[in-house]
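Inside the fold
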Amino acid sequence: MSSNPYPLGLRLHGRRVVVVGGGAVATRRVPALLDAGADVLLVAPELTPALRARADAGRLHWVPRRFVPEDLDGAWLVQVAVDDPMAAASVSAVAAERRIFCVRADDRTAATAWTPAVTRHGPVTVAVLGGGDPRRAMTVRDAIRDLLAVRVAPDGIAGRPDASTGTTGGRQTGRVALVGAGPGDPELITVKGWRLLTEADVVVADRLVPGLLLDELRPDVELVDASKIPYGPSRAQEEINQILVDRALAGAFVVRLKGGDPYVFGRGGEELLACAAAGVPVTVVPGVTSSIAAPAAAGIPVTHRGVAHEFTVVSGHLAPDAAASLVRWDALAGLHGTLVILMGLKNLAAITATLIAHGRSPQTPAAVVQEATTGTQRVLRSTLGEVAADALTADLRPPAVVVVGDVVGALDG
Ligand SMILES: C[S@@+](CC[C@H](N)C(=O)[O-])C[C@H]1O[C@@H](n2cnc3c(N)ncnc32)[C@H](O)[C@@H]1O
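Definitions and cut-offs
- Sequence order sets the numbering: in each chain, residues are counted from 1 along the sequence as written.
- With pLDDT at 70 or above as the cut-off, local features in this predicted model cover only qualifying residues; side-chain atom pairs require 80 or more to be listed or tallied, and sums for whole chains, interfaces and linings still use all residues.
- Note: side-chain values were computed over all heavy atoms of the structure, leaving out hydrogens and water.
- A run of DSSP states H or I qualifies as a helix once it reaches four residues; a run of E qualifies as a strand once it reaches two. Both are numbered from the N-terminal end.
- Only protein chains enter the accessibility calculation, which uses a 1.4 Å probe; a residue is then buried when its area is under 20% of its type maximum, exposed when over 50%, and partly exposed in between.
- Each accessible area value is a Shrake-Rupley result obtained with a 1.4 Å probe; residue values ignore everything except the protein chains displayed when judging cover.
- As used throughout, the charge tally considers Lys and Arg to be positive and Asp and Glu to be negative, leaving His and the chain termini uncounted.
- Where a charge lies is defined by one atom per residue type, namely NZ (Lys), CZ (Arg), CG (Asp) and CD (Glu).
- Criterion used throughout: strands pair if DSSP finds at least two bridges between them.
- Here an axis means a line fitted to C-alpha atoms, over the contact stretch when the element is a helix, while the angle between two N-to-C directions is reported on a 0 to 180 degree scale.
- Residue contacts follow a heavy-atom distance rule, with two residues in contact if any of their heavy atoms lie within 4.5 Å.
- We call a residue near a molecule or strand when any one of its heavy atoms sits within 4 Å of it.
- What qualifies as a polar contact is a pair of N or O atoms within 3.5 Å, subject to a donor-acceptor requirement within protein and to the restriction that residues adjacent in sequence count only when both atoms come from side chains.
- Polarity classes work like this: nonpolar for Ala, Val, Leu, Ile, Met, Phe, Trp, Tyr, Cys and Pro, charged for Asp, Glu, Lys and Arg, and polar for all others, with Gly in that last group.
- Helix crossings fall into two classes, left-handed where the near helix is turned counterclockwise from the far one by less than a right angle and right-handed where it is turned clockwise.
- A pair of Phe, Tyr and Trp rings is counted when the ring centres sit within 6.5 Å of each other, with Trp represented by its six-membered ring. The angle between the planes then sorts it: under 30 degrees is stacked, over 60 is edge-to-face, the rest tilted.
- Either the NZ atom of lysine or the CZ atom of arginine qualifies as a charge over a ring when it sits within 6 Å of the ring centre and within 35 degrees of the ring normal.
- Each nonpolar core is a collection of buried residues, namely Ala, Val, Leu, Ile, Met, Phe, Trp, Tyr and Cys, held together in the definition by side-chain atoms within 4.5 Å.
- The rule for a salt bridge is simple: a side-chain nitrogen of Lys or Arg has to be within 4 Å of a carboxyl oxygen of Asp or Glu.

Take the overall build of the protein chain next. Within the protein chain, the regular secondary structure consists of twelve helices and 19 strands. If one aligns the C-alpha atoms of the protein chain with their principal axes, the spans along those axes are about 80 × 60 × 35 Å. Burial statistics for the protein chain: of 413 residues in total, 43% are counted as buried. Surface exposure of the protein chain reaches about 21,300 Å², of which carbon and sulfur atoms provide 55%. Considering the protein chain, the positive charge centre built from 40 side chains and the negative charge centre built from 42 side chains are found 5 Å apart.

A few words now on the sheet that holds strand S12 (residues 222-225). One open sheet accounts for five strands, arranged S12-S11-S13-S10-S14; its pairing is parallel. The two strands at the open ends of the sheet, each matched to only one other strand, are S12 and strand S14 (282-285). Ignoring strand direction, the axes of neighbouring strands in this sheet form an average angle of 15°. Lying over the sheet, helix H5 (residues 191-199) contacts strand S10 (175-180), strand S11 (202-205), strand S13 (253-258) and S14, oriented at roughly 135° with respect to S13. Packed on one face of the sheet, helix H7 (residues 233-249) meets S10, S11, S12 and S13 and runs near 155° to S13.

Attention now moves to the site of the ligand. Around the ligand, 17 residues are found, and the nearest of them are Pro 183, Val 264, Thr 289, Ser 290 and Ala 400. In this structure, Asp 261 approaches the ligand through a main-chain N or O atom, which is 2.9 Å from an oxygen atom. Ala 400 has a polar backbone atom sitting 2.7 Å from an oxygen atom of the ligand. The fraction of the free accessible surface of the ligand (560 Å²) that becomes covered by protein chains is 89%. For the shell around the ligand, the per-class residue count stands at eleven nonpolar, four polar and two charged.

Moving on: helix H9 (residues 290-297). Listing the buried residues of H9 in full gives Ser 291, Ala 293, Ala 294 and Pro 295. Of the surrounding elements, those touching the buried residues of H9 are strand S15 (311-315), strand S16 (338-342), strand S17 (365-370) and strand S19 (400-404).

Attention now moves to the packing of helix H1 (residues 24-35) against helix H2 (residues 49-56). Taken N-terminus to C-terminus, the directions of H1 and H2 make an angle of 35°; their axes are 9 Å apart at the nearest point. Helix-helix and strand crossings are classified by hand; for H1 and H2 the assignment is left-handed. In this structure, H1 contributes Ala 26, Thr 27, Val 30, Pro 31 and Leu 34 to the contact, and H2 contributes Ala 50, Leu 51 and Arg 54.

We now examine the packing of aromatic side chains. In the structure shown here, the tally under the stated rule is zero aromatic pairs. We note Arg 108 situated over the ring of Trp 114; from NZ or CZ to the ring centre the distance is 5.8 Å.

Spatially, five strands are ordered S15-S16-S19-S17-S18 in an open sheet, and the strand pairing comes out mixed. Two strands close off the open sheet at either side, each with one partner strand: S15 and strand S18 (378-383). Strand-to-strand twist in this sheet, taken as the mean axis angle between neighbours without regard to direction, amounts to 20°. Note that S15 and S16 share five bridges and pair parallel. Each residue of the ladder has a partner; that of Ser 315, found in S16, is Leu 342. Along the sheet, H9 contacts S15, S16, S17 and S19; its crossing angle with S19, the most-contacted strand, is approximately 75°.

This brings us to unusual backbone geometry. With the exception of glycine, the majority of residues adopt a negative phi angle, and the majority of peptide bonds are in the trans configuration. Here Pro 398 and Pro 399 are connected by a cis peptide whose omega angle stands at 0°. Backbone geometry at Phe 265 places phi at a positive 45°, although glycine is not the residue there. Tracing the chain through its elements places Phe 265 in the loop between S13 and helix H8 (268-277). Its relative accessible area of 42% is what places Phe 265 among the partly exposed residues. Look at Arg 267: it is not a glycine, yet its phi comes out positive at around 60°. Looking at the secondary structure, you find Arg 267 in the loop between S13 and H8. By relative accessible area, Arg 267 is classed as partly exposed at 34%.

With respect to the helices and strands, the residue Val 285 is situated in strand S14. The exposure class assigned to Val 285 is buried, which follows from its relative accessible area of 3%. Taking C-alpha positions, Val 285 is 9.8 Å from Tyr 263, a pair spaced 22 residues apart along the chain. Contacts of Val 285, omitting those with residues within four sequence positions, involve Leu 178, Val 179, Gly 180, Thr 190, Lys 192, Gly 193, Leu 196 and Pro 262.

With that out of the way, let us pick up the nonpolar core. Looking at soluble globular proteins, one finds that nonpolar side chains tend to be buried together. In terms of nonpolar packing, the biggest core is built from 21 residues, with Trp 329, Leu 339, Ile 341, Leu 355 and Val 368 touching the most fellow members. Among the elements of the structure, helix H10 (329-333), S16, helix H11 (348-357), S17, helix H12 (387-393) and S19 are those that each provide at least two residues to this core. The next biggest cluster of nonpolar side chains, apart from the first, holds 19 residues, and it includes Leu 33, Ala 44, Leu 47 and Leu 77.

Quick look at the pattern of salt bridges now. Counted under the stated rule, the structure contains 17 salt bridges. Here Arg 256 makes a salt bridge to Glu 271, at a shortest N to O gap of 3.0 Å. In this pair, Arg 256 sits in strand S13 while Glu 271 sits in helix H8, placing the two residues 15 residues apart along the sequence. No difference in accessibility class separates Arg 256 from Glu 271, as the two residues are buried. In this structure, Arg 328 engages Asp 330 in a salt bridge whose closest nitrogen and oxygen atoms are separated by 3.1 Å. We classify Arg 328 as exposed; its relative accessible area is 54%. Judged by relative accessible area, which is 32%, Asp 330 ranks as partly exposed. Put simply, Asp 206, Arg 256, Lys 258 and Glu 271 are held in one network by salt bridges that share partners.

Shown next as structure tokens:
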């Protein structure tokens, strides 16, 4: 007689799952249950802070006492997450009596159900059971996860399951994902962004996206270099919008890969509106923005306890006195916190002079971080009064972020 487990995908939405125990094991198990929509009843005299936070937020019901058999009324599944074998055995005895499957953290041979090692890849869930050996299960799971991350072909296991979502004029419509690529280090793209990139038919990339990400695209992917599109800034943007819409309407899955975050001075909003107007579905994947990552890469936290309770991100691409400027530099000068200026090198002398003229001290620490998180990163530390001249002397060039505020020295020993 085979003793192989029989794999199932439990659809737990709205169904009662009882977790007995409130320690480390429960802390690890509960999130996946909540993610599956389970109605979680947690029975434990004490909870870890993470579980307590979920209970306080109303995400689960907590009964602050030891287990009693009535706790299993209406349950579909029990997870026993206590160390004490006697207590665990008594819960699983009640579960068996009631024909409720029971997962036991303390003794898998006594359990009637095992939890697999899991990797999720969009809508695909891969669950691995290692014949009772959790390490084996995790090793196999990790290998599959790596394969899925790196080698997802359009017709492969993960495919492009969410890429096609409708029809336009009888044709299958593709879709667009606006993906933040992070500030420069290719490892700073998000897991979701990376997955979508590996699934793309067309990638429309900005000048500032990490080149190494593009190196790893499948050879059959059409790569459009958006920085090479001629015409001025607004015409070029129209061209990019048109490329996104045309390719998607032709059925392609288009990833619009943008430096940092798509919505931080990234014109992602315009692209989303253009796609929406053409009936093309869009997914937005936020990215690690240079406005936070560049200071961090230079050892500067944008906030720090007792130093700065706010940070403001501002574009310096227009001079403070430019008619089209939307920035109240006079008001910003009155803030005590951190000012992060993007695209500000060209106008730095005028910007710093305006801030000082409106009351910010010229002694305020300031820094410039060029090509942050890349192998060619440069950092200049100075003061508000001197930074423009120092940046010129050091021949700093875009892309660079300017940080103004006491946080600049906050982590200095
Ligand atoms: C058009 S904005 C795009 C910002 C981007 N969406 C983000 O969230 O980081 C371009 C500006 O971002 C900043 N920037 C982008 N990448 C950078 C990097 N690796 N190092 C320093 N600054 C960077 C520079 O100020 C650059 O001029």
